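Spelled out, the chains give:
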Amino acid sequence: MSIDKLDLSSPDLANQNFEKLAALFPNCVTEGAEGKAIDFDLLKQELSHAVVEGNKERYRLEWPGKREAIVTANLPTTKTLRPVREDSVDFDNTENLYIEGDNLEVLKLLQESYLGKIKMIYIDPPYNTGKDFVYKDNFSKDAQEELIESGQKDEYNQRLVANPETAGRYHSDWLSMMYPRLKLARNLLKGDGAIFVSCDESEHPRLRQMLDDIFGQGNLVGDLVWAAGKKNDSRLVSISHEYIVCYAKNVDVLKEKKIIWRQRKKGLEEIYAQYNRLQKHYKDDYETMTSQLKDWFKNLSDGHPSKAHKHYSHIDKRGIYFPDNISWPGGGGPKYEVLHPKTNKPVKVPSRGWMTSDPKKLQKWIDDDRVHFGSDENKVPCIKSYLSDRENETPYSVFYQDGRAASKRLRTLMEGDYFDFPKDEMVIEEIVEMLTDADDIILDFFAGSSTSAHSILALNGREKKNRKFIQVQLPEKIDEKSGAYKAGYKNICEIGKERIRRAAKKIKEETNADIDYGFRVYRLDSSNMQDVYYKPQDYDQGNLDLFADNVKSDRTADDLLAQVMLDWGLPLSLKIEQVDVSGRKVFKVAENSLYACFDSGIDEDFAKAITQDEPLRIVFKDSGFKNDTAKVNVKQLLKQLSPETEMKVI
Ligand SMILES: C[S@@+](CC[C@H](N)C(=O)[O-])C[C@H]1O[C@@H](n2cnc3c(N)ncnc32)[C@H](O)[C@@H]1O
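Residues numbered from 1 in each chain as written. Predicted model: local features only at pLDDT ≥ 70, side-chain atom pairs only at ≥ 80, totals over all residues. Heavy atoms only, no water.

Looking at an unreviewed UniProt entry, one finds the chain named site-specific DNA-methyltransferase (adenine-specific) and attributed to Roseivirga pacifica. Per its UniProt entry, the chain bears the Catalytic activity (unreviewed entry) comment "a 2'-deoxyadenosine in DNA + S-adenosyl-L-methionine = an N(6)-methyl-2'-deoxyadenosine in DNA + S-adenosyl-L-homocysteine + H(+)". (UniProt positions renumbered as here; feature names shortened; annotations may be inferred.)

K.L.:
Please provide a residue-by-residue account of the site of the ligand, values included.
P.N.:
Not every one of the 19 residues close to the ligand is listed here, only the nearest: Asp124, Lys423, Ser449, Thr451 and Glu476. In the environment of the ligand, an oxygen atom lies 2.6 Å from a nitrogen or oxygen atom belonging to the side chain of serine 449. Backbone polar atom of leucine 474 to a nitrogen atom of the ligand: 3.2 Å apart, as the coordinates give it. If the ligand stood free it would expose 600 Å²; the protein chains cover 92% of that surface. The class makeup of the residues in the shell around the ligand is eight nonpolar, six polar and five charged. (Near = heavy atom within 4 Å. Polar contact = N/O pair within 3.5 Å; in protein donor to acceptor, adjacent residues only side chain to side chain. Areas by Shrake-Rupley, 256 points an atom, 1.4 Å probe, with all protein chains shown as cover. Nonpolar A, V, L, I, M, F, W, Y, C, P; charged D, E, K, R; others polar.)

K.L.:
Give a description of helix α15 (residues 425-435) that names residues and reports values.
P.N.:
Note that an α-helix has 3.6 residues per turn; residues three or four places apart therefore point the same way. Where burial is concerned, most of α15 is hidden: eleven out of the eleven residues are buried. For α15, every residue scored as buried is listed here: Glu425, Met426, Val427, Ile428, Glu429, Glu430, Ile431, Val432, Glu433, Met434 and Leu435. (Buried < 20%, exposed > 50% of the residue type's maximum accessible area, 1.4 Å probe, protein only. Helix = DSSP H or I, 4+ residues; strand = E, 2+ residues; numbered from the N terminus.)

K.L.:
Could you give an account of the sheet that holds strand β10 (residues 241-248), with specific residues and numbers?
P.N.:
Taken together, ten strands build an open sheet; the order of strands is β3-β20-β4-β19-β18-β5-β8-β10-β9-β17 and the sheet is mixed. The sheet is open, and its two edges are formed by β3 (80-83) and β17 (398-400), each paired on a single side. Shown here is a sheet whose adjacent strand axes are inclined to one another by a mean of 20°, direction ignored. Across three bridges, the pairing between strand β9 (residues 220-227) and β17 is parallel. Paired with tryptophan 226 across the strands is phenylalanine 399, a residue of β17. Here helix α7 (residues 170-188) sits on the sheet and contacts β5 (118-123), β8 (189-199) and β18 (441-444); the angle it forms with β8, its principal contact strand, is near 150°. (Pairing = 2+ DSSP bridges. Axes fitted to C-alpha atoms, helices over the stretch in contact; angles between N-to-C directions. Contact = heavy atoms within 4.5 Å.)

K.L.:
Talk me through the pairing of β10; I want residue IDs and the actual numbers.
P.N.:
Most of β10 is tucked away: seven of the eight residues are buried. With six bridges joining them, β8 and β10 adopt antiparallel strand pairing. Residue pairing across strands places valine 197 opposite valine 245, the latter belonging to β10.

K.L.:
A description of the domain arrangement of the chain should follow, citing residues and the corresponding values.
P.N.:
Each domain of the chain was delimited in the assignment, giving domain 1 (13-60), domain 2 (74-263 + 394-524), domain 3 (268-388) and domain 4 (561-649). Relative to domain 4, the C-alpha centre of domain 1 lies at a distance of 63 Å. (Domains from an automatic or database assignment.)

In structure tokens, the structure reads:
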């Protein structure tokens, strides 16, 4: 038996007053730096017949923290990306990237190398449902961070916080997290590129406003509505859809280049294959072909991509069609007599009238066998809509794909239930197909279980093309009680990488396509360079070397190469070869785009050997030269023997 406890504190009158005002004037509730607050300017306005002077009204998106979010986006990062060869697949040759770390820092690091190079961005950020986690950016170097750096605390756990609806800064926190990331992401898009952002009703209005703010209202391409099936969490209305909001980098460029987005519907190939089989068998017996096609549709499993086209269940001499509405759009259309071709009696006229006001035109369609009649005059005829005419069409803003099928497929692929609510890779594949072609780069910086990488590989396999992906994902820890943890996955990146490996294997088996199935893994880390300066009394023989070249002792030549590529604005996906030149290890990046040698003892002989290839760029460790004279001579030799080569040291 539970006994109610006496609340021995007096009522919080301020809170009660706040709630009373909020109930009377909900439009005056706003978010202040400390949490929920009343907008007194607006409240004054509510109580006055004249316009109340106060803060100037402006049409804009504002929240406490917006200015900070802008500063956050513009602050440089000191971090770097370190290659993780052991987790990669075909590291030296692949052009796909998987980057582990906070996407804010990663987006900053990619600014030079990928500026204006990304064709498409797809993201599925936390929806801010109150149950998911939002990442809090905090750049103040405080005690917490020192604990993190000394390994006593985990940075990601510190910064991923639940954001329940009861929190005063509910929307502000989400906006502050998204704003700098979207701003940085926009810089990376090509002139004819576009971004697609998944969201649900929780933040859809604010997402639209924020994207209007960052991309410009005129660059809205569309709000795609994904009808994904009923959720069982309805209160008053069962929400059965979510959104994919799309903005172009610049709609004018799309218009200038006359770019048209086209989409081939999924599941059509199987329907055509079935049609070909039926035609072979039944020749021109269209009635039997139609009934066989209907049976075939009926027997397809739920979630089969062809099932969405089951209305295309009629066949005639032209091909597959569905009987479409033949009525006048809206009411009050023309009504005239049309005879049934078999019974010769007037057919039932559509209640809204015929689609065309010209009876001769309709007769011509009938003569051309483009009108589908019922068995007798009692049924309203239809117009035949052929599959082949609609195969490549402008994408619709509303589409249906059951949300559950994707989870099922992922479960089968991973042999376990390891990731909640993955997006449907088939839907993402359609979107990728709509906008991108061979060699385009597609970025997803909230990668989760790597759905977008899976969809890109599947599309490449189908079309034998090489689109490239960049996945960015926080190594968010997995709950130790979960099945994923028990199966050995310690963080989400481990699930994401394993999914790509498995999806690649499956696609290779299914398509036998000769495409890039690999991916290069990079991990966000602190800079390779020492930031701790030793006092003279701290020098000992062990750290003298370290001090000399200022590179952290645990960093490898591979690490330095990644940092150099980012600093020099070279894409991380460029082909890397390792060769031996005069007994030293040299990295050759994209043939002769960049040569890097971080070994010691660099001298004139080495310089002569390396200039034979006339690299465009060359980099050494500052402390890597044999001596000061060698350093001067190497520079001089390069100038003489390979004048195009730009030399730098780190
Ligand atoms: C909704 S899920 C994406 C699911 C994904 N579309 C899929 O189909 O698997 C969002 C993901 O973003 C990740 N995330 C959240 N904040 C992040 C950040 N600051 N940097 C990188 N990833 C982040 C979360 O760990 C989560 O896995």
